[in-house]
Amino acid sequence: MRLTKLGHACVRLQKDDRTLVIDPGAFTPEGDALDGADAVLITHEHFDHFDPDRLRKAMAENPALEVWTSRVVAENLADLGGRVHQVGHEDAVTVAGFDVHVYGEDHEILHPDVPPIPNTGFLVDGEVFHPGDALTVPSEPVRTLCLPGNAPWLKVPELFLYTREVRPERAFVIHDGLLNDNGLGVMETAVGNAGKQLGKEFRRLKPGESVEL
């Protein structure tokens, strides 16, 4: 399987002739992010993960394109009928030939007085886990973690603790679209140090960079 990091929180997974795209939001500048996709996974409704206009356009252009997502996003796309599938914690589904296990229920806290919105993380083929905006630890091993590198809800010590809990074989940074070059440098150092503690490869993929898993 090939993993390609796109802008911010978006990744593309390819296996054989099948393509799965996760979280193509407004901070994903690649105009072709959804080209050739067989299915899309959306973790939650925040605009940096879910761009309804972009997704609707892609679905209009490709009548076979389907979406698996959280309750709120599914409700937003309800007019698209059976092409949109709601999933939740501990669901297991087959999506475009990929085995997808769903973990997580809530977004990380953004405001102490506001209840968290739904957030669904996706473990694909027992290999790649994309947690969305939550520090969810799946109940099965994760070989490759899409690691949030920066967010209003995230502190560096939490990044260290999260990687210790998940203990992936490798981690590639996502959720870095808010950072300038200075911030990227600080974040890359923190992520690299987290990997060194576990003796693993943790690093940032640049947008457009791919790895073979």
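In this report, the structure presented in the accompanying data block is examined.

### Topic: unusual backbone geometry
- With a phi close to 55°, Asp16 is a non-glycine residue in the positive phi region.
- Tracing the backbone shows Asp16 in the loop between strand E2 (11-15) and strand E3 (18-22).
- Positive phi values are uncommon outside glycine, yet Asp23 reaches one of about 55°.
- Mapped onto the fold, Asp23 is located in the loop between E3 and strand E4 (39-42).

### Section: the packing of helix H3 (residues 156-166) against helix H4 (residues 181-198)
- Contact geometry of H3 with H4 gives a least axis separation of 10 Å together with a crossing angle of 35°. For the pair H3 and H4, the sense of crossing is right-handed. Between H3 and H4, the residues in contact are Val156, Leu159, Phe160, Thr163 and Arg164 and Ala190, Val191, Asn193, Ala194, Gln197 and Leu198, respectively.
- Tallied by class, residues from the contact of H3 with H4 come to seven nonpolar, three polar and one charged.

### Here we look at H4
- An ideal rise of 1.5 Å per residue puts 26 Å on 18 residues; H4 measures up with 26 Å between its terminal C-alpha atoms.
- For H4, every residue scored as buried is listed here: Gly183, Leu184, Met187, Ala190, Val191, Gly192, Ala194, Gly195 and Leu198.
- Here H4 starts with a cap whose side-chain oxygen sits 3.1 Å from the backbone nitrogen of Asn182, and that cap is Asn180.
- At the C-terminal side of H4, Gly199 shows a positive phi close to 70°.

### Observations concerning helix H1 (residues 52-61)
- Taken together, the buried positions of H1 are occupied by Arg54, Leu55, Ala58 and Met59. Across the axial projection of H1, the buried residues extend over an arc of 130°, all falling on one side. Along H1, exposed side chains directed more than 90 degrees from the buried face belong to Asp53, Lys57, Ala60 and Glu61.
- Contacts made by the buried residues of H1 are with E4, strand E5 (66-69) and strand E6 (84-86).

### Topic: the pattern of salt bridges
- Within the structure shown, the criterion is met by 14 salt bridges.
- Ionic pairing is found between Glu212 and Arg2, a salt bridge with its closest N-O pair at 2.7 Å. Here Glu212 is found in strand E14 (residues 210-212), whereas its partner Arg2 is found in strand E1 (residues 2-5), with 210 residues between them in sequence.
- Take Glu212: its relative accessible area is 54%, and that puts it in the exposed class.
- Arg2 sits in the partly exposed class, given a relative accessible area of 37%.
- The partner of Glu61 in a salt bridge is Lys57, and the shortest N-O contact between them spans 2.6 Å. Of this pair, Glu61 and Lys57 both sit in helix H1, four residues apart, which is roughly one turn of the helix. We note that Glu61, like Lys57, is exposed.
- Residues joined by salt bridges that share partners form a network here, namely Lys5, Asp176, Glu188 and Arg204.

Cut-offs used in this document
Residues numbered from 1 in each chain as written. Predicted model: local features only at pLDDT ≥ 70, side-chain atom pairs only at ≥ 80, totals over all residues. Heavy atoms only, no water. Helix = DSSP H or I, 4+ residues; strand = E, 2+ residues; numbered from the N terminus. Axes fitted to C-alpha atoms, helices over the stretch in contact; angles between N-to-C directions. Left-handed = near helix turned anticlockwise from the far one by under 90°. Contact = heavy atoms within 4.5 Å. Nonpolar A, V, L, I, M, F, W, Y, C, P; charged D, E, K, R; others polar. Expected span 1.5 Å × (residues − 1). Buried < 20%, exposed > 50% of the residue type's maximum accessible area, 1.4 Å probe, protein only. Polar contact = N/O pair within 3.5 Å; in protein donor to acceptor, adjacent residues only side chain to side chain. Arc of directions from axis to C-beta. Salt bridge = Lys/Arg side-chain N within 4 Å of Asp/Glu carboxyl O.

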